[in-house]
Amino acid sequence: MKSIADLGDLSGKKVLIRCDLNVPLDGETITDDGRIRASVPTLKALLDAGAGVIVMAHLGRPKGQVNPKFSLAPAAARLGELLGVEVKLADDVVGDSAQQLASALQAGEVMMLQNVRYEPAEESKDEAERAELAKKYAGLGADVFVSDGFGVVHRKQASVYDVAKLLPNAAGLLVEKEVQVLKQLTTETKNPYVVVLGGSKVSDKLKVIDNLLKTADTLVIGGGMLFTFLKANGHEVGTSLLEEDQVETCRNYLAEAEKLGKEIILPTDVVVAPEFKADAPPTVCAADEMPSDQMGLDIGPESATAFANVIRTAHTVFWNGPMGVFEMAAFANGTREVAEALTKVDGLSVVGGGDSASAVRALGFADDDFGHISTGGGASLEYLEGKELPGLAVLDAN
Ligand SMILES: Nc1ncnc2c1ncn2[C@@H]1O[C@H](COP(=O)(O)OP(=O)(O)O)[C@@H](O)[C@H]1O
Ligand SMILES: O=C(OP(=O)(O)O)[C@H](O)COP(=O)(O)O
């Protein structure tokens, strides 16, 4: 990959950059601005080099529909504060508003397109449709493309992948830093190597287990995905998050782990509640005795201690996905205990993922309590799996 320094003189040039500004929101309030802060060094470097900058980003999963709930307005405002320059947000992605702002863009100025996922073609499986949209992004007058949205480099999407084919390009400083640390995880792995998985993007993350079983010694499973595993072991999971069509896959993973002599550690107890609500009354029950009318919202205290013990004795740990619904105090204990254990690791500990990073900060941990906090969850996992990430593979070679 080329670096931004390899792009030559950027003075007076227009730089199109993909950032990952997918931050957690409470209404219009950003609850953790980590991803925005992580995007600042590259943007500052481009502005200092005399470029005008056009930022592309997404928020959530609006699925090709314009939906004000997924507007990038809070992210644009926060980015402007951090950069100390106004970030002009277009009303649309590649329509009149974006085109007008782009053609008026001067050196040292920053504009942002609205959520690229408002455009149905952004995430289309149809290459031609994506290429058409990518042409419109590049057609905003961009001279070069910079890829700095590490959290999305595993997505073959128009603003990540297709646009890079149309312009001279380079990786941004964030992408370079992320790749450097993850490479260290794969090349300087000290055993025991433990991977901890949780969160709610269950089907995405189940896919990586196959390959991770080959590299990690132990997989520890919490969060929303644990229920599909419990079901695979023949247990009832009440009204918990469940991917019915992945039960067989989980059963195969458990068998495969046994064959390879690897461990998949599941919780022995869970915290359940009748509803997905902050004030729903929590109860602890055995993982194989979940009541049919309750949902699992955290791992139980016995499991949290067991997970923490496994993590503390490892020399390499990668963790993606909160152990429970940490946003609600009653269901944050598992995530807190796992985070605490990571801070005690004698070796390299990496936390990855938008919500995981936000969880550790919300629970009072500092960034330097860990070896590295990655802005990408799914992206890091796919990198660790040894898979080619489309958003990196497409970039010009040095
Ligand atoms: N048992 C559970 N049931 C429902 N949601 C859960 C559960 N455990 C964790 N979560 C949710 O998972 C979300 C984070 O998932 P995910 O996006 O996969 O993580 P990351 O952004 O770190 O990759 C959090 O908002 C958390 O509330
Ligand atoms: O939040 C993100 O990823 P993560 O939850 O894996 O950290 C990225 O912004 C990618 O979002 P996506 O998983 O909707 O493509």
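- The protein has the name Phosphoglycerate kinase in an unreviewed UniProt entry, where Ammonicoccus fulvus is given as its organism.
- Checking UniProt for the protein, the heading Subunit (unreviewed entry) contains the comment "Monomer."

1. Focus: the sheet that holds strand β12 (residues 269-273)
Right, on to step 1. With antiparallel pairing, 3 strands are arranged side by side in an open sheet as β13-β12-β14. The open sheet terminates on both sides in strands that have one partner only, identified here as β13 (283-286) and β14 (295-299). Strand-to-strand, the axes of this sheet are offset by a mean angle of 45°, without reference to chain direction.
Right, on to step 2. The pairing of β12 with β13 spans 4 bridges and is classified as antiparallel. The residue bridging Val271 from the neighbouring strand is Val284, located in β13.
Right, on to step 3. Running at roughly 40° to β14, helix α9 (residues 301-312) makes contact with β12, β13 and β14 of the sheet.

2. A short note on the site of ligand 1
Right, on to step 1. In the vicinity of ligand 1 lie 20 residues, with Ser200, Lys205, Glu327, Asp355 and Ser356 positioned nearest.
Right, on to step 2. The side chain of Asn320 places a nitrogen or oxygen atom 2.9 Å from an oxygen atom of ligand 1.
Right, on to step 3. Burial of ligand 1 by the protein amounts to 91% of the accessible area it has alone, namely 580 Å².
Right, on to step 4. In terms of residue count, the dominant contributor to the shell around ligand 1 is helix α11 (residues 354-362) (3 residues).
Right, on to step 5. Partitioned by chemical class, the residues of the shell around ligand 1 number 4 nonpolar, 12 polar and 4 charged.

3. Some thoughts on the site of ligand 2
Right, on to step 1. In the vicinity of ligand 2 there are 15 residues, among which Arg61, Arg117, Arg155, Lys201 and Gly378 approach most closely.
Right, on to step 2. Between ligand 2 and Asp20 there is a distance of 3.0 Å, counted from an oxygen atom to a side-chain nitrogen or oxygen.
Right, on to step 3. Gly378 places a main-chain nitrogen or oxygen 2.7 Å from an oxygen atom of ligand 2.
Right, on to step 4. Protein contact buries 95% of the 390 Å² of open area that ligand 2 shows by itself.
Right, on to step 5. Per-class residue counts for the shell around ligand 2 are 1 nonpolar, 8 polar and 6 charged.

4. A closer look at helix α4 (residues 127-138)
Right, on to step 1. Between its first and last C-alpha, α4 extends 16 Å over 12 residues, near the 16 Å set by a 1.5 Å rise per residue.
Right, on to step 2. Where α4 is concerned, the buried positions are Arg130, Leu133, Ala134, Tyr137 and Ala138. All buried residues of α4 lie within an arc of 145° about the axis, which places them on one face of the element. Residues of α4 that are exposed and point over 90 degrees away from its buried face: Ala128 and Lys135.
Right, on to step 3. Against the buried residues of α4 lie β1 (14-18) and β4 (52-56).
Right, on to step 4. Its side-chain oxygen 2.9 Å from the backbone nitrogen of Ala128, Asp126 forms the N-cap of α4.

5. Let's talk about the UniProt feature "binding site: ATP" (unreviewed entry) in the protein
Right, on to step 1. Taken from the UniProt record, the annotation "binding site: ATP" (unreviewed entry) applies to Lys205, Gly296, Glu327, Gly353, Gly354, Asp355 and Ser356.
Right, on to step 2. Tracing the chain through its elements places Lys205 in helix α6 (residues 202-215).
Right, on to step 3. Discounting residues that sit within four places of it in the chain, Lys205 has contacts with Leu197, Gly198, Met225, Asn320, Gly321 and Leu381.
Right, on to step 4. Checked against the element boundaries, Gly354 lands in helix α11.
Right, on to step 5. Once residues within four sequence positions are removed from consideration, Gly354 is found in contact with Arg35 and Thr375.

About the thresholds
- Residues numbered from 1 in each chain as written.
- Chains lettered and ligands numbered in written order.
- Predicted model: local features only at pLDDT ≥ 70, side-chain atom pairs only at ≥ 80, totals over all residues.
- Heavy atoms only, no water.
- UniProt positions renumbered as here; feature names shortened; annotations may be inferred.
- Pairing = 2+ DSSP bridges.
- Helix = DSSP H or I, 4+ residues; strand = E, 2+ residues; numbered from the N terminus.
- Axes fitted to C-alpha atoms, helices over the stretch in contact; angles between N-to-C directions.
- Contact = heavy atoms within 4.5 Å.
- Near = heavy atom within 4 Å.
- Polar contact = N/O pair within 3.5 Å; in protein donor to acceptor, adjacent residues only side chain to side chain.
- Areas by Shrake-Rupley, 256 points an atom, 1.4 Å probe, with all protein chains shown as cover.
- Nonpolar A, V, L, I, M, F, W, Y, C, P; charged D, E, K, R; others polar.
- Expected span 1.5 Å × (residues − 1).
- Buried < 20%, exposed > 50% of the residue type's maximum accessible area, 1.4 Å probe, protein only.
- Arc of directions from axis to C-beta.

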